[in-house]
Structures are given as C-alpha cells and as structure tokens.
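Given next are the chains, with one letter for each unit.
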Amino acid sequence: MTNNQIMFFIFSAVIVIFSILTVTSRRILRAATFLLFVLVSTAGLYFMLRFNFLAAIQLTLYAGGIVVLIIFSILLTSHVGAKLEQPGLAKVIFSALTALVGAAVAIAAILQYKFPETVIPKERTNIEDIGQALISTGKYGYALPFEVISILLLAAMIGSIIIAKKRKD
Amino acid sequence: MFEGVPLTWFLILATIMFFVGIYGFLVRKNLITILMSLELILNSVNINFVAFNKLLYPEHLEGMFFTVFIIAVAAAEASVAIAIIINIYRRLVNIDVENMKEMKY
C-alpha cells in the first residue's frame, strides 16, 4: 500500500459518503455543506494527479464561489431549520433502481476494458504552458473557446441581473 | 499507473458519484437540491476528463482545459439558475418543482 493509494482511498471515501449524504440529507443547509466537502476532496484528487492550477480553480471557483452562492440562495428561500419532506417510497425505490442499474452497467464496462499500462511522468503542469495554450491559435491552442467562455460569462451575468431584478408592477 | 493508483479506480469513483447525482436529481423536489445534484454530476465528469488526460496525453493539457471550461459553464449556469429560483420564490413563495406549471414571462 503506497502513500498515493492511502490518499486516494481517503479522498474517495469522503467523496462517496458525503455525496450520498448530499442527496439524502433532509436539512438543506447541511446538504450544501456536504457538497462543499465533496468538492474540496475532489480538489485533493486533482492535487494527487499534479494538476495544481486546476485544483486551485476547483477550490476558489467551486468551493468558494458556487457553494457560497447556493448557501446564499438557501438562506434567501427557506428557513434555517426547515426540513424537506420525505420523498414517496415508490419514487425512492425506482430512482435508486435506476441509479444502481446504471452504475452496475458502467462499472462492468469499465472493469472489462483493458486500459494500456502507461507510466505517467512526474512533472507538474506548468503555469506558463497553460497561459501559452490559452492565448495561442494554433494546434493545441484554446484562444477561441477562451473568448467564447468570456462572452458566455458576460451574458450569464447580465441575464441573472435582469432576471433577479425587482420589477415595478 | 499514478504511482500505484490505476485509472480504473478513478473511473469507478466518478461512476459512483455520477449515479448518486442522478439519484438525487430524480428524488429531490426542491430546486436548489436539484441544482446541487447537478453539480455532483458535472464534478464526476471533470474527474474522468482529468484522469484520461493523464493516461492518454500527459504532455498536453486537453482534459484540463475541458475541465476548466466545464467549471466556468457550471458557474454561469448556477448563477442564472439561482436568479430564476429567487424570481420563482417571489411569485410562489416556495420552490418545489411541482408548483411550476408555467414558466411564462
């Protein structure tokens, strides 16, 4: 058992347990907190794979931004101690059946396929490479998606301001 | 592969997370909890992208850029969804999916 395996097991145990708690917890604020734990341990997995920049983005944007936004909207729309009502038994059974069958099929397919054994180089991803790729227009360049995503973010910002604005009826 | 951690483990972990998200998406009624299940699904896809990037092209960064763009799209989607949820709350005072029979402006 190497150190990497131990770390992987810790992260994956946290991810599995807290993602199940996220979808089953009846207190909505707790569910948001469990989601935060899941996202933080996913950032840990990225650190394990040596994607340091990506892990930093995951921590700041997902764990810092989206979860805070979700918690804000929970506080705006429901009472702090409010409990969600229990879903119907038939709904729970059929949804769990769907999820279990889907997971079983996907995991069987993964286990049957023989992935090639490759040795991964140990170096980290370089910030300079990331910056060069984001502004280059040639092969392996991502200038166009970068611009498109900035327009998408602007549109989303304007759209959400317009939608959430109070109207004078 | 990653110093003792095979790719299969990452894929199985992402699969479990994805289907837990699917379960939450089907079971929950509150709109915000549905949004949280959606974040779980997107996050599991990100793990797959990153693991395959390390397996296939460790010298390029394609999976990483896809993941960055998915995170940006998730942020935009969450902000718009929460604006819509707050607007629905103003009109209907609760945010269960069953009450939304029409989404007319």
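All residue numbers refer to positions counted from 1 along the written sequence of the respective chain. Chains and ligands are labelled by the order in which they are written, letters from A for the one and numbers from 1 for the other. In keeping with the predicted nature of the model, local features appear solely for residues at pLDDT of at least 70, side-chain atom pairs appear and are counted solely at 80 or more, and the whole-chain, interface and lining totals rest on all residues.

Peer 1: Describe in detail the overall build of chain B, supporting the description with residues and values.
Peer 2: Only DSSP runs of H or I reaching four residues or more are called helices, and only runs of E reaching two or more are called strands; each is numbered from the N terminus. Each helix and strand counted, chain B has three helices and zero strands in total. Radius of gyration here is computed from C-alpha atoms only, and the compact-globule reference equals 2.2 Å multiplied by the residue count raised to the power 0.38. Relative to its length of 105 residues, chain B is extended, with a C-alpha radius of gyration of 18 Å against a globular reference of 13 Å. On the principal axes, the C-alpha backbone points of chain B span a range of 55 × 25 × 15 Å. The burial tally for chain B puts 50% of its 105 residues in the buried class. Sequence-distant contacts in chain B: of pairs separated by 6 or more residues, those separated by 24 or more amount to 49%. Our exposure labels follow a C-beta count within 10 Å of each residue's own C-beta, placed from the backbone: buried means 20 or more other C-beta atoms, exposed means 12 or fewer, and partly exposed covers the counts in between. We call two residues in contact whenever the C-beta atoms placed from their backbones are within 7 Å.

Peer 1: Got a sec to walk through the overall build of chain A? Specific residues and values, please.
Peer 2: When its secondary structure is counted, chain A shows six helices and zero strands. For chain A, the N- to C-terminal ordering of α and β elements is α-α-α-α-α-α. Its C-alpha radius of gyration of 21 Å places chain A more than 25% over the 15 Å reference for a compact globule of 169 residues. Expressed along its principal axes, the backbone C-alpha trace of chain A runs to roughly 55 × 45 × 30 Å. Per-residue burial for chain A yields a buried fraction of 20% across its 169 residues. Sequence separation of 24 or more characterises 50% of the internal contacts of chain A that already satisfy a separation of 6 or more.

Peer 1: Got a sec to walk through the confidence of the model for chain B? Specific residues and values, please.
Peer 2: Residues and elements named next belong to chain B. Averaged over every residue, the pLDDT of chain B is 87; the share at 70 or more is 94%. Looking at the elements of chain B, mean pLDDT is at its lowest for helix α3 (residues 62-92), recorded as 89, and at its highest for helix α1 (residues 7-27), recorded as 93. With pTM at 0.90, the complex prediction returns an ipTM value of 0.90. pLDDT measures the predictor's confidence residue by residue and takes values from 0 up to 100.

Peer 1: Requested: an account of helix α3 (residues 52-77) of chain A, with residues and values cited.
Peer 2: End to end, α3 of chain A covers 36 Å across 26 residues, agreeing with the expected 38 Å (1.5 Å per residue, within 8%). The inward-facing, buried residues of α3 of chain A abut α2 (28-48) of chain A together with α2 (31-56) and α3 of chain B. Under the convention used throughout, the expected extent of a helix is 1.5 Å for every residue step, that is, one less than its residue count.

Peer 1: If you had to explain the interface of chain B and chain A to someone new, which residues and values would you point to?
Peer 2: With 61 residues of chain B in contact, the opposing surface of chain A contributes 68 residues. Looking at the side of chain B that touches chain A, the elements with two or more residues in it are α1, α2 and α3 of chain B. Among the elements that make up the side of chain B that touches chain A, the one with the highest residue count is α3 of chain B (21 residues). Gly counts as polar in this scheme, as do all residues outside two lists: the nonpolar Ala, Val, Leu, Ile, Met, Phe, Trp, Tyr, Cys and Pro, and the charged Asp, Glu, Lys and Arg. A per-class count over the side of chain B that touches chain A returns 44 nonpolar, 12 polar and five charged.

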